[in-house]
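These are the residues of each chain, in order.
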Amino acid sequence: MTDNSKTNICEHCGYENPVGALICRRCYRLLTQAGKLPGLHGTTDRLGTGMLNQNKILQFPDDESVVPDPEKPFGTVLRLRFVGADGDLVKTFRGGTMLIGREDNIRRIKPDIDLNPYGAFRRGVSRTHALLRREGDRLLIQDLDSANHTFVNGKRLQPNMPHKLQHKDKLRLGVMLMEVLFE
């Protein structure tokens with residue numbers, strides 16, 4: 001018999017995850033227990049990410065030459081080029097998944113890709129906003145039922161449904177805009 005005090009069982013697939021895990025290691029869904037995050041008080045919709053006015057969204061610059069490139073496979077290096085913020089963020093995939101969001105030391109949330117330095121809070125990025133998953137030479141993104149949603153090339157993603165990212169896709173988390181580049 002398993003000691004449930006040392007595991008966090010996924011409500012979706014039943015997998016026994018280590019205590020403190022936020023994402024199931026089998027089905028990649030947000031781990032909750034009756035709508036609550038493990039070790040936190042309140043429901044997942046009360047984590048402090050405010051709803052944004054969707055009418056005040058920064059637009060991508062008009063550049064017809066920047067279109068997704070379905071022919072370029074994903075290797076191991078991902079570059080996120082921010083619109084309206086300085087700098088790019090470069091990440092190398094060593095494992096299969098990366099959590100995107102905002103670090104919160106009080107709630108012990110430490111995403112693999114922390115967008116706090118790029119103004120994530122004021123742009124409506126949730127602490128556990130989305131999950132990136134590498135499958136061979138493909139990169140998938142999955143919205144984790146975030147407060148202000150995830151969009152790829154202007155299309156809103158359905159929560160917890162993986163979507164294939166392509167080189168030069170335009171990604172929006174809340175109102176944070178970035179271009180996805182494979183290197």
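The preceding data block contains the structure.
What counts and how
- Residues take numbers from 1 onward in each chain, read along the sequence in its written order.
- In view of the model being predicted, local features appear only for residues whose pLDDT reaches at least 70, and side-chain atom pairs are presented and counted only at 80 or more, with totals across whole chains, interfaces and linings using the full set of residues.
- In computing side-chain properties, one takes all heavy atoms of the structure into account and sets aside hydrogens as well as water.
- One requirement defines pairing of two strands: DSSP has to find at least two bridges between them.
- Secondary structure elements are taken from DSSP: a helix is a run of H or I of four residues or more, a strand is a run of E of two residues or more, and numbering for both begins at the N terminus.
- Per-residue accessibility, obtained with a 1.4 Å probe over protein chains only, is compared with the maximum for each type, and a residue is labelled buried under 20%, exposed over 50%, and partly exposed between these values.
- Under the rule applied, a polar contact is a pair of N or O atoms within 3.5 Å (in protein, one hydrogen donor and one hydrogen acceptor; residues adjacent in sequence only if both atoms are side-chain atoms).
- Centre distance within 6.5 Å is the pairing criterion for rings of Phe, Tyr and Trp, where only the six-membered ring of Trp is used; planes under 30 degrees apart are then read as stacked, over 60 as edge-to-face, and the remainder as tilted.
- Cavity: a set of points on a 1 Å grid over the protein atoms alone where a 1.4 Å probe fits but cannot get out. Pocket: an open set with protein on both sides within 12 Å along at least five of seven lines, its lining residues, like those of a cavity, having an atom within 4 Å of a point.
- Grid points are joined across faces, edges and corners, and a volume is the space filled by probe spheres set on the points.
- Here the term charged refers only to Asp, Glu, Lys and Arg, the term nonpolar to Ala, Val, Leu, Ile, Met, Phe, Trp, Tyr, Cys and Pro, and the term polar to all other amino acids, Gly among them.
- Only buried residues count toward a nonpolar core, which is a set of Ala, Val, Leu, Ile, Met, Phe, Trp, Tyr and Cys residues joined through side-chain atoms within 4.5 Å.
- Throughout, a residue-residue contact means that at least one pair of heavy atoms, one from each residue, lies within 4.5 Å.

Novice: Mind showing me how you'd approach the sheet that holds strand β7 (residues 130-135) here?
Specialist: By way of backbone hydrogen bonds, the strands of a sheet pair with one another, either parallel or antiparallel. With respect to topology, five strands assemble into an open sheet ordered β6-β5-β7-β8-β11, the strand pairing being mixed. Strands with a single pairing partner mark the edges of an open sheet, and in this sheet they are β6 (113-114) and β11 (163-165). Across two bridges, the pairing between strand β5 (residues 97-101) and β6 is parallel. Within the sheet, the bridge partner assigned to I100 lies in β6 and is I113.

Novice: What exactly am I supposed to notice about the side chain of R133 here?
Specialist: Examined against the element boundaries, R133 turns out to sit in strand β7. With relative accessibility at 11%, the residue R133 sits in the buried group. A polar atom in the side chain of R133 sits 3.0 Å from the side chain of E135.

Novice: Is there a simple way to think about the packing of aromatic side chains in this case?
Specialist: Aromatic ring pairs are reported here in terms of the distance separating the ring centres and the angle at which the planes meet. Inspection of the entire model under this criterion finds three aromatic pairs. For the pair F74 and F182, a centre-to-centre distance of 5.0 Å together with 70° between the ring planes defines the contact as edge-to-face. Of this pair, F74 sits in the loop between β2 (16-18) and β3 (77-83) while F182 sits in strand β13 (residues 176-182), placing them 108 residues apart in sequence. As far as burial versus exposure is concerned, F74 and F182 are alike and both buried. Consider the rings of F82 and Y118, whose centres lie 4.1 Å apart with planes at 15°: the pair is stacked. Of this pair, F82 sits in strand β3 while Y118 sits in the loop between β6 and β7, placing them 36 residues apart in sequence. With a relative accessible area of 15%, Y118 lands in the buried category.

Novice: What is the right way to read the sheet that holds β13 from this model?
Specialist: Here we have six strands laid out as an open sheet, ordered β4-β3-β13-β12-β9-β10, and antiparallel in their pairing. Each of the sheet's edge strands pairs with one partner strand only, and the pair in question is β4 (88-92) and β10 (155-156). Note: strand β9 (residues 150-152) against strand β12 (residues 170-173), three bridges, orientation antiparallel. Across the sheet, F151 pairs through a bridge with R172, a residue of β12.

Novice: Is there a simple way to think about the pairing of β5 in this case?
Specialist: For a regular strand, side-chain orientation follows a simple rule: the groups alternate between the two sheet faces. The buried count for β5 comes to four of five residues, which makes it a mostly enclosed element. In the sheet, β5 pairs with β7 via four bridges, with the strands oriented antiparallel. Each residue of the ladder has a partner; that of M98, found in β7, is L132.

Novice: What should I look at first to understand the layout of surface pockets in this one?
Specialist: Rolled over the atoms, a probe as big as a water molecule pinpoints where empty space is left. Considered as a void within the structure, the second largest pocket measures approximately 230 Å³ in volume. What lines the second largest pocket is simply P18, A21, L22, I23, C24, R25, T97, L99, K110, P111, D112 and L131. Among the residues forming the lining of the second largest pocket, the class breakdown is eight nonpolar, one polar and three charged.

Novice: So what exactly am I meant to see when it comes to the pairing of β7 here?
Specialist: Two elements, β7 and strand β8 (residues 138-143), share six bridges in a ladder whose sense is antiparallel. Each bridged residue has a counterpart across the sheet, and for R134 the counterpart in β8 is L139.

Novice: I tried to follow the nonpolar core on my own but got confused; where do I start?
Specialist: As a rule of thumb, nonpolar side chains are buried together in soluble globular proteins. In terms of nonpolar packing, the biggest core is built from 26 residues, with L78, L115 and L132 touching the most fellow members. Mapped onto this core, the elements with two or more residues apiece are β3, β5, β7, β8, β12 and β13. Residue contributions to this core peak at four residues, all from β13. In this view, L78 contacts L89, V90, K91, F93, L132, L139, V180, L181 and F182; residues no more than four positions away in its chain are not counted. One finds I23, L99, I109 and L131 within the second-largest nonpolar core, a separate group that totals seven residues.

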